[in-house]
Amino acid sequence: MPNKNAISLRQFTVLVLLMTVGDSLLVLPAIPASEAKHDAWISALAGLAFSLPILWLFGVANRRFQGLSLIEYVHERFGRTFGTVLGLLFLIFPLTCSAVQIREIGDFMITHILPETPIQAIHLLFIAVILFGAAQGLEPIARTAEILFPWFLLLFTTFVLFLFPQIDFRNIQPVLGEGVKPVLRGALTAAAFPYTELVILLMIAPYVTNREKAGKSLIVGAVLGGLVLIMVVSLCICVLGHYVSGSQLYPTYTLAKKISVGLFLERLEAIMAIMWFISAYFKITIYVYALHLGIAQTFKLNGYKPILLPGGMLLVSLSIAIAPNIVHFQTLIVRYWPYLDFLYAIVFPLLVIGAQALRKAENSGPGGAQAR
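Because the structure is predicted, anything quoted here is derived from the model rather than measured.

Participant: What is the right way to read the overall build of the protein chain from this model?
Facilitator: Each helix and strand in the protein chain was counted, giving 17 helices and two strands. A compact globule built from 372 residues should have a C-alpha radius of gyration of about 21 Å, and the protein chain, at 21 Å, falls within 12% of that. Classification of the 372 residues of the protein chain by burial places 55% in the buried group. Here the analysis covers contacts within the protein chain between residues at least 6 apart in sequence; of these, 85% occur between residues at least 24 apart. Put simply, the protein chain shows about 16,100 Å² of open surface, and 66% of that area lies on carbon and sulfur atoms. The positive charge centre, built from 25 side chains, and the negative charge centre, built from 18, are 9 Å apart in the protein chain.

The structure is reproduced here in structure tokens:
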């Protein structure tokens, strides 16, 4: 499929940063807080540290692609039949991730903002905006992210500054009071949601103008986004305490309610909601774009746009069917989803690298030498 959507390294870095923050901005702090308690900030740091080898693996795999997306590469290396099977197995990941993130938006809206609105209506409205963005192509998505990023940064800076007077460092003491194991359990989730899910970028990294530096740009964007999440987790613990942070579904939204400046600037939850909508929108849009692009590449279609509408309807249905209620949904996300993330983030890149190494070994052998 021809490359008609080239994006710059800066645009790619901004996309990576916003995708790293993504839906984790609102839902992530509760999980390490429930596991590691007042050491949740250490879990967030450890999660970033544990993810660095995986991010490096993404960069290595991208260099092996030689200008191809992951789907195109597996088709070339594994043949039509086996390559199609592998491609479809990979596309299950963006399909389910997109549905889960849409469901998160619906649950949040009916819990805090529009409690009387049917969740299906919220999903339909949000998926309509996502499909519109995905239909424009990768370059307009990246340019829009570049435009909105300064506003995201301004809102985040305002959010931190307004909460700074309420920080109580006694909430993080004693350090490692519960031992190392709870910290490691919290780090598993802190590494899974923000970083391993960036494996989907292997579908769009070939469209970066300077592909040789795309891996470095990915790591930079992920680390910057990770620092934002570490700051948010630390604020939740220092302001709310580990008990409130771990017992709330959306502790960051609760954190925003604590803003009080001069007894007249209060209840600025909109700051957090806008930041979350910006970051979550770009994460879901890239997932939806990569999903339909991958389907088009798998079945050799002329383009992905004709399948956007039926794909969007499938996502709306799947977002409802994936869990019967919010309790079941949260259990699914906390207990099982990190392992799925790690499976796709590690197995597929290693598969790509292994295929390339095997091909080089065959070409360098006696048979390969004779063939040359």
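Participant: Honestly, empty space enclosed by the protein in this entry has me stumped. Any pointers?
Facilitator: One way to see where empty space is left: roll a probe the size of a water molecule over the atoms. The final tally for this structure, using the stated rule, is three cavities of 30 Å³ or more. If you add up the space inside the largest cavity, you get close to 80 Å³. Every residue along the wall of the largest cavity is listed here: Asp23, Ser24, Val27, Cys97, Val100, Gln101, Glu104, Phe193, Glu197, Ile333 and Trp337. At the level of secondary structure, the elements contributing two or more residues to the lining of the largest cavity comprise helix H2 (24-27) and helix H6 (80-113). For the lining of the largest cavity, the element with the most residues is H6, which contributes four residues. Here the lining of the largest cavity is composed, by residue class, of six nonpolar, two polar and three charged.

Participant: Before we go on, may I ask you to explain unusual backbone geometry in this structure?
Facilitator: Both trends apply: most residues other than glycine have a negative phi, and most peptide bonds are in trans. The step from Gln173 to Pro174 runs through a cis peptide bond, and the omega angle for that step is -5°. By the secondary structure assignment, Pro174 is in the loop between helix H8 (138-163) and helix H9 (180-195). One non-glycine residue, Lys37, lies in the positive phi region at around 55°. As for its position among the elements, Lys37 is in the loop between helix H3 (30-36) and helix H4 (40-65). Residue classification places Lys37 among the partly exposed residues on the basis of a relative accessible area of 30%. Despite not being glycine, Lys300 has its phi angle at roughly 55°, a positive value. According to the relative accessible area criterion, Lys300 is exposed, its value standing at 63%.

Participant: Sorry if this is basic, but what is going on with the packing of aromatic side chains here?
Facilitator: Each pair of aromatic rings is reported with the distance of its centres and the angle of its planes. This structure, assessed with the given rule, holds 14 aromatic pairs. An angle of 80° between the planes, with centres 5.3 Å apart, marks the rings of Phe108 and Tyr250 as edge-to-face. Here the residue Phe108 occupies a position in helix H6, and Tyr250 occupies one in the loop between helix H11 (242-247) and helix H12 (251-256), the gap between them amounting to 142 residues. Taken together, the ring pairs connect Phe108, Phe126, Tyr250, Tyr253, Trp276 and Phe277 into an aromatic cluster. Stacked on the ring of Phe329, the Lys or Arg Arg103 has its end atom at 5.5 Å from the ring centre.

Participant: Where do I start with the nonpolar core in this structure?
Facilitator: The nonpolar side chains of a soluble globular protein tend to be buried, and buried together. Counting residues in hydrophobic clusters, the biggest one holds 123 residues, and the most contacted among them are Phe12, Phe90 and Phe159. Counting residues per element, this core draws most heavily on helix H13 (residues 269-298), at 17 residues. With near-sequence residues (within four places) excluded, Phe90 lies in contact with Leu70, Ile71, Val199, Ile200, Met203, Tyr344 and Phe348.

Participant: Got a minute to help me understand the environment of Pro206 in this structure?
Facilitator: Checked against the element boundaries, Pro206 lands in the loop between H9 and helix H10 (214-240). As a C-alpha pair, Pro206 and Lys305 span 99 residues in sequence and 20 Å in three-dimensional space.

Participant: Looking at this structure, I do not really get the confidence of the model for the protein chain. What am I missing?
Facilitator: Reading fine detail from the predicted coordinates is not recommended where pLDDT is low. Averaged over the protein chain, the pLDDT score is 87; the fraction of residues at 70 or greater is 94%. Per-element confidence in the protein chain is highest for helix H1 (residues 9-21), whose mean pLDDT is 94, and lowest for helix H17 (residues 366-371), whose mean pLDDT is 50.

Participant: Can you help me understand the layout of surface pockets in this one?
Facilitator: Estimated volume of the second largest pocket: approximately 190 Å³. Taken together, Val27, Ala30, Ile31, Ser34, Glu104, Gly246, Ser247, Gln248, Leu249, Gln330, Ile333 and Val334 make up the lining of the second largest pocket. Only H3, H11 and helix H15 (326-335) provide two or more residues apiece to the lining of the second largest pocket. Residue composition of the lining of the second largest pocket, by class: six nonpolar, five polar and one charged.

Participant: Can you walk me through the pattern of salt bridges in this structure?
Facilitator: When the charged atoms of two side chains with opposite charge come close together, those side chains can pair. Considering all chains together, one arrives at eight salt bridges under this definition. Notably, a salt bridge pairs Lys283 with Asp23, separated by 3.0 Å at the nearest N-O pair. Here Lys283 is found in helix H13, whereas its partner Asp23 is found in the loop between H1 and H2, with 260 residues between them in sequence. The exposure classification of Lys283 matches that of Asp23, with both residues buried.

Cut-off values and rules
Residues numbered from 1 in each chain as written. Predicted model: local features only at pLDDT ≥ 70, side-chain atom pairs only at ≥ 80, totals over all residues. Heavy atoms only, no water. Helix = DSSP H or I, 4+ residues; strand = E, 2+ residues; numbered from the N terminus. Rg over C-alpha atoms; globule rule 2.2 N^0.38 Å. Buried < 20%, exposed > 50% of the residue type's maximum accessible area, 1.4 Å probe, protein only. Contact = heavy atoms within 4.5 Å. Areas by Shrake-Rupley, 256 points an atom, 1.4 Å probe, with all protein chains shown as cover. Lys, Arg positive; Asp, Glu negative; His and termini not counted. Charge placed at Lys NZ, Arg CZ, Asp CG, Glu CD. 1 Å grid on protein atoms, 1.4 Å probe; cavity = no way out; pocket = protein on both sides within 12 Å on 5 of 7 lines; lining within 4 Å. Points joined across faces, edges and corners; volume = space filled by probe spheres on them. Nonpolar A, V, L, I, M, F, W, Y, C, P; charged D, E, K, R; others polar. Phe/Tyr/Trp six-rings, centres within 6.5 Å; stacked < 30°, edge-to-face > 60°. Lys NZ or Arg CZ within 6 Å of the ring centre and 35° of its normal. Core = buried A, V, L, I, M, F, W, Y, C linked by side-chain atoms within 4.5 Å. pLDDT = per-residue confidence, 0-100. Salt bridge = Lys/Arg side-chain N within 4 Å of Asp/Glu carboxyl O.

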